[in-house]
Amino acid sequence: RRVVHVSVANSAPDSPFAYFRGKAATEQALRDSGLSHAIVKPTLVFGPGDILVNNIAWALRHVPVFLVSTGEDEAQPVSVFDTARICVEAAESSDNLAVDAAGPERFTFDDFIRLIKQATGGRAWIRHAPEALSLATARVAGLVLRDVILTRDEVGMLKAGLLVSHETPRGTGSFEEWVLANGDMLGR
């Protein structure tokens, strides 16, 4: 009876990032459909098996140097469990709505990385580097690991402030508590 679409915080039809433009287009198509709907827009989702935190944890455990091209830009992680709860609450509403799903904590990217390092006991030396060097290093690592490690758009999204919400946080789960409690398993 009701569509709940999981989008992304800060989607916009004029975004320089295809992912955010695509999410905005999907949101608009849902609004135009006439169907009863809710749009839930998470910031940066964390939880068991998530890709980003596990990839960072793996790297902090296995590489001698972890390059960061942007450190002061912010991320506002939200628990996958909070995101699910927010989706259920949105489904139970009778209004067509769009809400952000964001956690209660904001971290600079430097602090985000250092917290994961602390939780996992990672030994990598965290250094700032120009964006081009960080991306080139990630590209080489991706070839070795047969994976995409980092893209220019991902760095751009962080630098553009798109991983935070401008609404009152609806999530209550602490990323810091979760990562410290699960550090032994992350990146394995």
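Since the model is a prediction, treat every value here as computed from it, not as a measurement.

Draft legend 1. Broad picture of the overall build of the chain. Across its full length, the chain holds seven helices and nine strands. Over its C-alpha atoms the chain spans a radius of gyration of 17 Å, differing by no more than 12% from the 16 Å that the globule rule assigns to 188 residues. Dimensions of the chain, computed from C-alpha atoms along their principal axes, come out at roughly 55 × 35 × 30 Å. The 188 residues of the chain split such that 46% are buried. For the chain, restricting intrachain contacts to residue pairs at least 6 apart in sequence, the fraction spanning at least 24 positions comes to 82%.

Draft legend 2. Broad picture of the pattern of salt bridges. Across all of its chains, the model carries eight salt bridges by this definition. A salt bridge links arginine 85 to glutamate 89; the nearest nitrogen and oxygen atoms lie 3.1 Å apart. One end of the pair is arginine 85 and the other is glutamate 89, both in helix α3 (residues 80–92) and four residues apart, which spans about a single turn. Using a relative accessible area of 41% as the deciding quantity, one classes glutamate 89 as partly exposed. One salt bridge connects glutamate 131 with lysine 159, and the closest N-O pair in it is separated by 2.8 Å. Taken together, the residues span a long stretch of sequence, with glutamate 131 in helix α5 (residues 131–145) and lysine 159 in helix α6 (residues 152–159) at a distance of 28 residues. Residue lysine 159 is classed as partly exposed on the basis of its relative accessible area of 44%. One connected set of salt bridges, linked through shared partners, spans Glu27, Arg31 and Lys41.

Draft legend 3. Structural detail: the environment of isoleucine 113. As for its placement among the helices and strands, isoleucine 113 is situated in helix α4 (residues 109–120). Look at isoleucine 113 and you get buried, because its relative accessible area is 0%. Discounting residues that sit within four places of it in the chain, isoleucine 113 has contacts with Ile56, Leu60, Phe66 and Ile126.

Draft legend 4. Up close: the packing of helix α2 (residues 51–62) against α4. Following both chains from N to C, one finds α2 and α4 inclined at 65 degrees, their axes separated by 9 Å at the closest point. By the angle between their axes, α2 is roughly perpendicular relative to α4. Along this stretch, α2 crosses α4, giving a crossing that reads as right-handed. The segment α2 lies against α4, with Leu52, Val53, Ile56, Ala57, Leu60 and Arg61 engaging Phe109, Phe112, Ile113, Ile116, Lys117 and Thr120.

Draft legend 5. Expanded view of the side chain of glutamate 27. Mapped onto the fold, glutamate 27 is located in helix α1 (residues 18–33). Within the structure, glutamate 27 has its side chain in polar contact with the side chain of lysine 41 (distance 3.4 Å). What glutamate 27 contacts, discounting residues up to four positions off in sequence, is His5, Ser7, Val8, Ser11, Ile39 and Lys41.

Criteria and thresholds
Residues numbered from 1 in each chain as written. Predicted model: local features only at pLDDT ≥ 70, side-chain atom pairs only at ≥ 80, totals over all residues. Heavy atoms only, no water. Helix = DSSP H or I, 4+ residues; strand = E, 2+ residues; numbered from the N terminus. Rg over C-alpha atoms; globule rule 2.2 N^0.38 Å. Buried < 20%, exposed > 50% of the residue type's maximum accessible area, 1.4 Å probe, protein only. Contact = heavy atoms within 4.5 Å. Salt bridge = Lys/Arg side-chain N within 4 Å of Asp/Glu carboxyl O. Axes fitted to C-alpha atoms, helices over the stretch in contact; angles between N-to-C directions. Parallel < 35°, antiparallel > 145°, perpendicular 65-115°, else oblique. Left-handed = near helix turned anticlockwise from the far one by under 90°. Polar contact = N/O pair within 3.5 Å; in protein donor to acceptor, adjacent residues only side chain to side chain.

As far as function goes, none of this settles anything; it's purely spatial.
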